[in-house]
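Chain and residue survey
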Amino acid sequence: MTNSEDRPALGILLICLGVVAISVNDLLIKWLSGGYPLHQMVFFRSAIGLIFTLGFVRMEGGLSILRTTRPWAHALRGLLVVLANMTYYAAVAVLPLGQATALFFVAPLFITLLSIPMLGERVGPLRIGAVLAGLAGVVIMQQPWNASVEVSRTVLLLPVVAALFYAVMQVLTRRLGVTTRASAMAVYIQGTFLLVSMAFFAVAGDGRFAEGVTNESLIFLLRAWVWPTAEDWPVFIGLGLCSGIVGYCLSAAYRLADAATIAPFEYIGLPLAIFWGWLTFAEWPTPATWTGCALIIGAGLFVFLREQARAAPTPGRRSRWGRR
């Protein structure tokens, strides 16, 4: 990897912008979840987002950059992000926004672990310990010992499953990013979303599989398509804009910097989600959620600081990029 391909400051900026767009996207999807199926939102979001993404393609070299010699790897990446979205948003429709986001934020910890076998990055015992502390935070929010928890344990696990899919996808992005433009990877993902949502429409668009279903997450996935009202069209357009920003910024961020360096910055989405949940839906985290959040954020910050300390050059020694 050349020096020009490792730009951690720009990667951090892009991941922060992408996470802000994700938080707004989550808010809008939860806002619409009572009246529209998830696959319909995905279709409109991706169709509109693709328009914005093609603008990034033009900026980065034109349609020629869409050619790839690794179509199956990109197809796998697209499938992983679709699975991450489906499992996460099925939980968002039921759980408070802050709690769903907090559970999903095990993803950067998964990324740190996966960067060892998939990227060959070195992660020491202290960072492994921090990852375990973050996972303990997830267990606290799950509260397996509390029989009075009203939400299904399956629903509580959905954001964690989504986090694993997402982590694998982002580490794969790092492997592909050396030769593939960020905008091209975003186009591949938008295309995958469109194909999957159209397949959902063909099979379940009339809502027949939602009949008799009582699980709110499944209803969100399987209810019938409804043409958006005039009042909801601006929300759908906002989803498309957020989709374009997220697809480009996250792909570019993991292309430009080490996964273990930029992953902790995704935690800014946690206070944003709590804020949106409080402002829009009058949701406020429980003490268990606050405790779990503290452990996860603390673990992420520790991992980040350890990575920065490891990467800092010492006097008389070259850094790993060949600069003194």
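Look a little higher up for the structure.
Each chain has its residues counted from 1, following the order in which its sequence is written. Owing to the predicted nature of the model, reporting of local features is limited to residues with pLDDT of at least 70; listing and counting of side-chain atom pairs is limited to 80 or more, with chain, interface and lining totals taken over all residues. Hydrogens and water molecules were not included; the side-chain quantities draw on all heavy atoms of the structure.

Some points on unusual backbone geometry
- Positive phi, close to 55 degrees, is recorded for A282, a residue that is not glycine.
- Under the scheme used here, helices are H or I runs from DSSP no shorter than 4 residues and strands are E runs no shorter than 2 residues, and both carry numbers assigned from the N terminus. Structurally, A282 can be placed in the loop between α12 (269-281) and α13 (287-311).

Description of the packing of helix α2 (residues 38-59) against helix α10 (residues 233-256)
- The angle between two axes is taken between their N-to-C directions and runs from 0 to 180 degrees, where each axis is a line fitted to C-alpha atoms and a helix contributes only its stretch in contact. Running from amino to carboxyl end, α2 crosses α10 at an angle of 50 degrees, the nearest separation of the two axes being 7 Å. Between α2 and α10, the interaxial angle falls into the category oblique. For the element pair α2 and α10, the recorded crossing hand is right-handed. Contact residues: M41, F44, R45, I48, G49, F52, T53 and F56 in α2; W233, F236, I237, L239, G240, L241, S243, G244 and Y248 in α10. In this scheme, roughly parallel covers angles under 35 degrees and roughly antiparallel covers those over 145, while 65 to 115 is roughly perpendicular and the rest are oblique. A crossing counts as left-handed when the near helix is turned anticlockwise from the far one by less than a right angle, and as right-handed when that turn is clockwise. Whether two residues touch is decided by their heavy atoms; if any such pair falls within 4.5 Å, the residues are in contact.

Structural notes on the nonpolar core
- Working definition of a nonpolar core: buried Ala, Val, Leu, Ile, Met, Phe, Trp, Tyr and Cys residues. They are joined through side-chain atoms within 4.5 Å. The buried label goes to any residue with under 20% of its type's maximum accessible area, the exposed label to any with over 50%, and the partly exposed label to all in between, with areas taken from a 1.4 Å probe on protein chains only. With 78 residues, the main nonpolar core has M41 and Y166 as its most contacted residues.
- Apart from the residues within four sequence positions on either side, Y166 is in contact with A84, F104, A107, I111, L250, Y254 and E266.

So, the environment of L95
- Within the secondary structure, L95 sits in the loop between α3 (71-92) and α4 (97-104).
- The buried category is assigned to L95, whose relative accessible area is 1%.
- In this structure the C-alpha to C-alpha distance between L95 and S152, which are 57 residues apart in sequence, comes to 10.0 Å.

A few points about the environment of A163
- The topology assignment puts A163 in helix α7 (residues 153-176).
- Relative accessible area serves as the criterion here: at 0%, A163 is assigned to the buried category.
- Along the sequence, A163 and T101 sit 62 residues apart, while their C-alpha atoms lie 9.8 Å from each other.
- For A163, the residues in contact, after removing those within four places along its chain, are F104, V106, A107 and F110.

Topic: the packing of aromatic side chains
- Only the six-membered ring of Trp is used, alongside the rings of Phe and Tyr, when aromatic pairs are assigned; centres must lie within 6.5 Å, and planes under 30 degrees apart are stacked while those over 60 apart are edge-to-face, with the rest tilted. Applying the stated criterion to the full structure yields 19 aromatic pairs.
- With a centroid separation of 5.6 Å and an interplanar angle of 50 degrees, the aromatic rings of F43 and W225 are classed as tilted. Residue F43 is located in helix α2, and its partner W225 is located in the loop between α9 (216-222) and α10; the two are separated by 182 residues in the primary sequence.
- Overall, the relative accessible area of 23% leaves F43 in the partly exposed class.
- The ring of F281 has K30 lying over it, and the distance from NZ or CZ to the ring centre is 5.5 Å.
- Note on criteria: charge over ring means Lys NZ or Arg CZ within 6 Å of the ring centre, with the direction from the centre no more than 35 degrees off the ring normal. Between R45 and the ring centre of F193, over which it is positioned, the NZ or CZ distance is 5.0 Å.

Some remarks on the side chain of S115
- Mapped onto the fold, S115 is located in helix α5 (residues 107-119).
- Judged by relative accessible area, which is 0%, S115 ranks as buried.
- When neighbours within four sequence positions are excluded, S115 is seen to be in contact with G120, E121 and V123.

Some remarks on the pattern of salt bridges
- Any Lys or Arg side-chain nitrogen found within 4 Å of a carboxyl oxygen on Asp or Glu counts as a salt bridge. Per the counting criterion, the structure on display carries two salt bridges.
- A salt bridge links K30 to E283, with the shortest nitrogen-to-oxygen separation between them at 3.8 Å. Placement of the pair is K30 in helix α1 (residues 8-32) and E283 in the loop between α12 and α13, with a sequence separation of 253 residues. Taken as a pair, K30 and E283 share a single burial class, namely buried.
- Between R208 and D206 there is a salt bridge, with the nearest N and O atoms lying 2.8 Å from each other.

Let's talk about helix α6 (residues 125-142)
- Each residue after the first adds 1.5 Å to the expected span of a helix. When the terminal C-alpha atoms of α6 are compared, their 26 Å separation across 18 residues agrees well with the 26 Å that a helix rising 1.5 Å per residue should span.
- Within the span of α6, buried status applies to R127, A130, V131, G134, G137, V138, M141 and Q142. The buried residues of α6 occupy an angular sector of 145 degrees when the element is viewed end-on, so they sit on one face. Exposed residues lying more than 90 degrees from the buried face of α6 are P125 and L132.
- Directly beyond the C-terminal end of α6, a positive phi value near 50 degrees is found at Q143. Here the arc refers to the set of directions running from the helix axis out to each C-beta atom.

Considerations on the packing of α3 against helix α8 (residues 182-204)
- For the pair α3 and α8, the least separation of the axes is 9 Å and the interaxial angle reads 60 degrees. Here α8 runs oblique to α3, going by the angle between their axes. When you trace α3 past α8, the crossing you get is right-handed. Residues H74, R77, G78, L79, V81, V82, N85 and M86 of α3 touch α8, and the partners they reach there are M185, Y188, I189, T192, F193, V196 and F200.
- Amino acid classes used here: Ala, Val, Leu, Ile, Met, Phe, Trp, Tyr, Cys and Pro are nonpolar; Asp, Glu, Lys and Arg are charged; the rest, including Gly, are polar. Residues of the contact of α3 with α8, tallied by class, amount to ten nonpolar, four polar and one charged.

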